[in-house]
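Chain and residue survey
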Amino acid sequence: MSKKYDLKSVMLQFQVEGSFTGGEPYGGGHINDTFKIDTDENGKRVRYILQRINHLVFKNPEGMMDNIKRVTEHIRNKENSAFKSPMYLINTVDDGILHRDPNGNYWRLYNFIEGAETYDIIESTEQAYQGAKAFGIFQQELADLPGDDLFETIPDFHNTPKRYKAFELALIEGDTARIEAAQEEIALAKKLRKYAPIITDLLASGKIPARVTHNDTKLNNVMLEDGTQEGICVIDLDTLMTGSSLYDFGDFIRTAGRIGAEDEKDLSQLSFSEEMYEASLKGFLETAGSALNQLEKDHLAISSIVMTYEVGLRFLTDYLMGDVYFKTSHETHNIERTRVQFKMVDEIKKRLD
Ligand code: ADP
Ligand code: GN1
Ligand code: MG
């Protein structure tokens, strides 16, 4: 991936003091192309995160970057922000926040959060507690974001009934061999349909409020400090927009409650951990909890099923459509991810009933 792009010349488009010494693909995100960049600033190594925005997914990169600028500045300007190492955008040489290269690619640059890691698979209840706490704080710190509503970077992102409709369309327009191969998963997607409208119905009835939410609160979108494991920075701000607390809690549990990988091939290796759930619930309630109404609290547990089901539907739809959305490493990657999500719906149900 790094060979495809001239990272050194892209870096020249940003206001960076040091000289470029190297860059390589970084992290396990499914959407953007992320690079770790090394620079030398008077003998000191300074690192950055350079990203090529996936503009097939984010069709209005300017609107999205406007959200990110507003939010990162809001948090950075808070006198008593709980985040030790906030992420911020580095300006381009012409004082913008987005560089468009001659091939039409959009690039942005962030400070590198040092002394911390993201985790694809949960390792301890402390991580679950700290991760959920960080996403809860993030929601708290954005509750007083001034100005208009954030730009909707992906319309109907967590509208699960619309995700179901997209799945139904994929059954008509998708790859016939893949539809044939995925009969079992298709049947499961249909069987679990009742979960789709739970959160959207609550929002539509006004019984739970719309809030500024992160909307992509997987475990590997929070940086946990080495040693203390404290959540020192929330990252991946592309889907920040109006949403529900239930989306954020549910998606965190989807990843932090799961023992095993998101694409584990051996389903018998997977389980749902009540300890991880309890630790996450504690972290989220201690922070975002004070703002939640009773109905939101009552639906926290089921939100983890809804969000796990939704992501399963999305992986399945992408598999049927020929892998056009999520990055995949092999032909059957999306169907393997689908199986994990649907198995986890079952596991969560068994434990939370
Ligand atoms: P995607 O939208 O593709 O998921 P992310 O913004 O989540 O991309 O970035 C992918 C990975 O890169 C993250 O999971 C994290 O490991 C790493 N990363 C992203 N931003 C930073 C940062 N500012 N500092 C350190 N690591 C980062
Ligand atoms: C994507 O970007 P990343 O890898 O953090 C996706 C999420 C899914 C997740 C599944 C913009 O998250 O919605 O839940 O994969 N992000 C986007 O792992 O679609
Ligand atoms: Mg990410």
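Structure's up top.
Because the structure is predicted, anything quoted here is derived from the model rather than measured.

1. Considerations on the nonpolar core
Core analysis: the largest hydrophobic core is formed by 91 residues, its most contacted members being Phe-138, Tyr-309, Leu-316 and Leu-320. Excluding its chain neighbours within four sequence positions, the residues that come into contact with Leu-316 are Phe-167, Ala-182, Glu-185, Ile-186, Ala-189, Ile-335, Thr-338 and Phe-342. Formed by 14 residues, the second largest nonpolar core is a distinct cluster that contains Leu-7, Phe-14, Leu-50 and Ile-90.

2. So, the coordination of the magnesium ion (ligand 3)
Only Asn-221 (OD1) and Asp-236 (OD) from the protein coordinate the magnesium ion (ligand 3), and they sit 2.2 to 2.3 Å from it. Placement of the pair is Asn-221 in the loop between strand E7 (211–213) and strand E8 (222–225) and Asp-236 in the loop between strand E9 (231–234) and strand E10 (241–243), with a sequence separation of 15 residues.

3. Describing the sheet that holds strand E5 (residues 106–111)
Backbone-to-backbone hydrogen bonds join strands into a sheet, with any given pair of strands oriented parallel or antiparallel. An order of E1-E2-E3-E5-E4 is seen for the 5 strands of this open sheet, with the pairing classed as antiparallel. Strands at the two margins of the open sheet, each flanked by one partner only, are strand E1 (19–25) and strand E4 (99–100). Packing of helix H2 (residues 61–77) onto the sheet brings it into contact with strand E3 (44–53) and E5, and relative to E5 it is tilted by some 15°.

4. Focus: the packing of aromatic side chains
Enumeration according to the criterion identifies 13 aromatic pairs in this entry. For the pair Phe-35 and Trp-107, a centre-to-centre distance of 6.0 Å together with 35° between the ring planes defines the contact as tilted. With Phe-35 in strand E2 (residues 33–41) and Trp-107 in strand E5, this pair connects stretches of sequence that are 72 residues apart. You'll find Phe-35 and Trp-107 in the same group, each marked buried. Grouping aromatic residues by their ring pairs yields a cluster made of Phe-249, Phe-272, Tyr-277 and Phe-284.

5. Overview of helix H8 (residues 245–256)
Between its first and last C-alpha, H8 extends 16 Å over 12 residues, near the 16 Å set by a 1.5 Å rise per residue. Taken as a whole, H8 has its buried residues at Ser-245, Leu-246, Tyr-247, Asp-248, Phe-249, Gly-250, Asp-251, Phe-252, Ile-253, Arg-254, Thr-255 and Ala-256. For H8, the N-terminal cap is Ser-244; the gap from its side-chain oxygen to the backbone nitrogen of Leu-246 is 2.9 Å.

6. Looking at the pairing of E3
Taking burial as the measure, the 10 residues of E3 include 8 buried ones, the bulk of the element. Sheet analysis places E2 next to E3, joined by 9 bridges and oriented antiparallel. Within the sheet, the bridge partner assigned to Glu-41 lies in E3 and is Lys-44. Where E2 hands over to E3, the hairpin turn is made up of 2 residues, of which Asn-42 adopts a positive phi near 50°. With 6 bridges joining them, E3 and E5 adopt antiparallel strand pairing. By the bridge assignment for E5, Leu-50 is matched with Leu-109.

7. Section: the site of ligand 1
Near ligand 1 there are 20 residues, and of these Asn-32, Gln-51, Ile-113, Thr-118 and Asn-220 occur at the shortest range. Ile-31 is positioned such that a nitrogen or oxygen atom in its backbone is 3.2 Å from an oxygen atom of ligand 1. Ile-113 places a polar main-chain atom, nitrogen or oxygen, 2.9 Å from a nitrogen atom of ligand 1. Considered on its own, ligand 1 offers 550 Å² of accessible surface; in the complex 96% of this is hidden by protein.

8. Quick word on the site of ligand 2
Not every one of the 17 residues close to ligand 2 is listed here, only the nearest: His-30, Lys-218, Glu-262, Arg-314 and Tyr-325. A distance of 3.3 Å separates an oxygen atom of ligand 2 from a polar side-chain atom of Arg-254. The side chain of Arg-314 places a nitrogen or oxygen atom 2.8 Å from an oxygen atom of ligand 2. Broken down by element, the residue count for the shell around ligand 2 peaks at 3 residues, all from helix H11 (residues 300–320).

9. Considering unusual backbone geometry
Positive phi, close to 65°, is recorded for Asp-95, a residue that is not glycine. For Asp-95, the position within the fold is in the loop between H2 and E4. Exposure remark for Asp-95: the relative accessible area of 58% places this residue in the exposed category. One non-glycine residue, Asn-215, lies in positive phi territory at about 75°. The residue Asn-215 is located in the loop between E7 and E8 in this model.

10. With respect to the sheet that holds E8
Here 3 strands make up an open sheet; going across it, the order is E6-E8-E9 and the pairing antiparallel. On the outer flanks of this sheet lie strand E6 (116–117) and E9, each paired with one strand and no other. Relative to E8, E6 runs antiparallel, the two being bridged by 2 bridges. Across the sheet, Glu-117 pairs through a bridge with Leu-224, a residue of E8. Most of the contacts of helix H3 (residues 125–142) go to E8, to which it runs at about 125°, and overall it touches E8 and E9.

Scoring rules and cut-offs
- Residues numbered from 1 in each chain as written.
- Chains lettered and ligands numbered in written order.
- Predicted model: local features only at pLDDT ≥ 70, side-chain atom pairs only at ≥ 80, totals over all residues.
- Heavy atoms only, no water.
- Core = buried A, V, L, I, M, F, W, Y, C linked by side-chain atoms within 4.5 Å.
- Buried < 20%, exposed > 50% of the residue type's maximum accessible area, 1.4 Å probe, protein only.
- Contact = heavy atoms within 4.5 Å.
- Donors = N, O, S within 2.8 Å, 3.2 Å for Na, K, Ca; no water.
- Helix = DSSP H or I, 4+ residues; strand = E, 2+ residues; numbered from the N terminus.
- Pairing = 2+ DSSP bridges.
- Axes fitted to C-alpha atoms, helices over the stretch in contact; angles between N-to-C directions.
- Phe/Tyr/Trp six-rings, centres within 6.5 Å; stacked < 30°, edge-to-face > 60°.
- Expected span 1.5 Å × (residues − 1).
- Polar contact = N/O pair within 3.5 Å; in protein donor to acceptor, adjacent residues only side chain to side chain.
- Near = heavy atom within 4 Å.
- Areas by Shrake-Rupley, 256 points an atom, 1.4 Å probe, with all protein chains shown as cover.

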